[in-house]
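# Chains, contacts and geometry: an overview
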Amino acid sequence: ESKDCALSRWSDWSKCSSDCGQGLQTRSRYVAIPAVEGGMSCNDPLEETRPCEDLPECDHADCEWGEWSRFGVCSQSCGGGFRARNRTVTQ
C-alpha cells in the first residue's frame, strides 16, 4: 500500500546569529514518514532562514595596530630583492 511522505512540524526559530547589525534565524523540520511504494515524496524545504528583527546597530570602533616587526632577511643575496615586516591588529 502506498503512503505519502509526511514532514515534521517546524522547529522554533533559532537564536539570531548576531547581537547587533544584521543577523539570521533558521528553523528546520525533517521527514517524519518517508514515501512508501509510489506515495507522494516530500519536496518542500526542510530549512527556512529569515533576517532577525529589531537588532540594535553595532558599535564600530576603529582598529588599533600593533608595532611593526623587525625586517626579515633579504630575499636575494645580491641584485635586488626585498625585506618584509608585518604588524597585527590588536583591537
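So, how was this worked out
- Residues numbered from 1 in each chain as written.
- Predicted model: local features only at pLDDT ≥ 70, side-chain atom pairs only at ≥ 80, totals over all residues.
- Heavy atoms only, no water.
- Disulfide = S-S within 2.5 Å.
- Helix = DSSP H or I, 4+ residues; strand = E, 2+ residues; numbered from the N terminus.
- Buried < 20%, exposed > 50% of the residue type's maximum accessible area, 1.4 Å probe, protein only.

A few words on the state of the cysteines. One pass over the full model with this rule turns up 3 disulfides. Disulfide pairing places Cys16 opposite Cys52 at an S-S distance of 2.0 Å. Here Cys16 and Cys52 share a disulfide; its torsion about the S-S bond, 115 degrees, makes the bridge right-handed. Here Cys16 is found in the loop between strand 1 (6-7) and strand 2 (24-28), whereas its partner Cys52 is found in the segment after strand 4 (47-51), with 36 residues between them in sequence. Grouping residues by exposure puts Cys16 and Cys52 together as buried. Put simply, Cys20 and Cys58 are joined by a disulfide, and their sulfur atoms are 2.0 Å apart. Across the S-S bond of Cys20 and Cys58 the torsion is about 100 degrees, and the bridge reads as right-handed. One end of the pair, Cys20, is in the loop between strand 1 and strand 2; the other, Cys58, is in the segment after strand 4, with 38 residues separating them in the sequence.

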